[in-house]
Amino acid sequence: MMAKRMTYLIVIAFVMVISGVLSANAAPAKAGVQQKPFGTRDGRPVNLYTLTNSHGVEVHAMNYGGIILSIRVPDRKGQMADVVLGHDTMEGYIPNPPYFGAIVGRYANRIANGQFTLDGKTYTLPKNDGPNTLHGGTTRTFDKVVWDAEPLRGKTGVAFSYLSKDGEEGFPGNLKVKVTYTLTDANELILDYEATTDKATPINVSQHSYFNLKGEGNGDILDHEIMLNADKFTPVDKNLIPTGELRSVKGTPFDFTTSTKIGSRIDDSYEQLQLGHGYDHNFVINRKGSGLELAARVYEPTTGRVLEVSTTQPGVQFYTGNFLDGTITGKNGHVYKRRYGFCLETQHFPDSPNHPDFPNTILKPGEKFHQTTVFKFSAK
Ligand code: GLA
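In short, a report on the structure. (Residues numbered from 1 in each chain as written. Predicted model: local features only at pLDDT ≥ 70, side-chain atom pairs only at ≥ 80, totals over all residues. Heavy atoms only, no water.)

## Quick look at the sheet that holds strand β1 (residues 32-41)
Item 1. Overall, antiparallel pairing links the five strands, which are arranged β1-β2-β3-β4-β5 in an open sheet. Looking at which strands have only one partner, the edges of the open sheet turn out to be β1 and β5 (80-82). On average, adjacent strands in this sheet sit at an angle of 15 degrees to one another, irrespective of strand direction.
Item 2. Two strands pair when backbone bridges link them, and β1 and strand β2 (residues 44-52) are joined in this way by nine bridges, in the antiparallel orientation. Residue pairing across strands places G39 opposite V46, the latter belonging to β2. (Pairing = 2+ DSSP bridges. Helix = DSSP H or I, 4+ residues; strand = E, 2+ residues; numbered from the N terminus. Axes fitted to C-alpha atoms, helices over the stretch in contact; angles between N-to-C directions.)

See below:
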């Protein structure tokens, strides 16, 4: 009797384990790129692109704003979750004040007083952040336009192209921009940014995804542990414009050179944290050369998910979603509250056109702009 019962229990346990394994590894959607109509904007079709790799990792992106709508990656048990904040539909992103998932440019981050001088001429830009221009201006910025799109051949990816016309948002030169998203079987999402211009212009393009490695809408990000490969950061004034100083992180709440919980010092009285309402600062990446360099590694202890960000850029804006305030309802009816996501916006330093000693952001005719950032996902 006892033996029969034991056998029965063993069989039940076996079935549960097998079905668990099967559902965790549920046959992934076919690897590759799929495209489907997703709406229209400015009279132009918007498509949704689904990139799927051989492990079932899946990225959704659309050619409106080059927005990444979702990134589904496994935790340490193989359980999939969508780790970026956003909306289910294109309409959800109109408007998109936090820039969820968007490509930002022509100049990502801030330009002080909406003004810069280039070759003796002063250019005035629309202001949208107190006295500053933030993320390229107000109307035809990279996050708000319909890009041309083309799925890649022989790779799991999609290329978005956009011609930003001479004078658009006050910037000089016809700027041809191409941003390519490629998903690899090593669970990397590679972002390639290329551009050419016919007049000298500032350029700084970035990706504004908000991550929560527990899964979007699943609480705040304060327990995530982050390592930033940066011995210095650029302190800001009250308008979040760099003062020009490159300050050592040593002995400050900005020292993430060893992995530290995001929330452990975020509300300290340190003036820079007060000014940023948390972290909203550009970190100067420690570089060995001009190639891909690790900028950040983030670990979420409950799921084991890890995000590593590598880039060819000199800086990364670490932003802890301080301005999210629960007024936006996103995917699955989730309400995004303060610090429910963090951004790692790889970039040149904010307001570089007004800081001649910062790394150069002026692209000239005949030159080719090329930057790469890699988001690599794993679990441990
Ligand atoms: C960037 C800025 C933040 C904020 C967000 C958008 O990360 O640095 O201050 O404006 O974009 O809300």
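Next, the rest of the story.
## Focus: the site of the ligand
Item 1. With respect to spatial proximity, the complete set of residues near the ligand consists of P98, Y99, R110, L134, H135, H208, Y210, D280, Q317, Y319, F323 and E345.
Item 2. At 2.9 Å from an oxygen atom of the ligand is found a side-chain nitrogen or oxygen belonging to H135.
Item 3. Side-chain polar atom of Q317 to an oxygen atom of the ligand: 3.2 Å apart, as the coordinates give it.
Item 4. With the chains in place, 94% of the 300 Å² that the ligand exposes on its own is no longer accessible.
Item 5. Per-class residue counts for the shell around the ligand are six nonpolar, three polar and three charged. (Near = heavy atom within 4 Å. Polar contact = N/O pair within 3.5 Å; in protein donor to acceptor, adjacent residues only side chain to side chain. Areas by Shrake-Rupley, 256 points an atom, 1.4 Å probe, with all protein chains shown as cover. Nonpolar A, V, L, I, M, F, W, Y, C, P; charged D, E, K, R; others polar.)

## Let's talk about the nonpolar core
Nonpolar side chains in soluble globular proteins generally cluster together in the buried interior.
Item 1. In this structure, I71, Y181, F283, F318 and L344 are the most contacted members of the largest nonpolar core, which totals 57 residues.
Item 2. Apart from residues lying up to four places away in sequence, F318 is in contact with I226, L228, F256, I262, Y279, D280, H281, F283, F342, C343 and L344. (Core = buried A, V, L, I, M, F, W, Y, C linked by side-chain atoms within 4.5 Å. Buried < 20%, exposed > 50% of the residue type's maximum accessible area, 1.4 Å probe, protein only. Contact = heavy atoms within 4.5 Å.)

## Brief notes about the environment of D75
Item 1. Within the secondary structure, D75 is located in the loop between β4 (68-74) and β5.
Item 2. According to the relative accessible area criterion, D75 is buried, its value standing at 15%.
Item 3. Along the chain, D75 and L324 lie 249 residues apart, while their C-alpha atoms are 25 Å from each other.
Item 4. Not counting residues up to four positions away in its chain, the partners in contact with D75 are T303, R305 and A379.
Item 5. A distance of 2.8 Å separates a polar atom in the side chain of D75 from the backbone nitrogen of K77.

## Remarks on the environment of S378
Item 1. Along the chain, the position of S378 falls in strand β29 (residues 369-379).
Item 2. With 72 residues separating them in the primary sequence, S378 and V306 have C-alpha atoms 5.1 Å apart.
Item 3. Once residues within four sequence positions are removed from consideration, S378 is found in contact with G304, R305 and V306.

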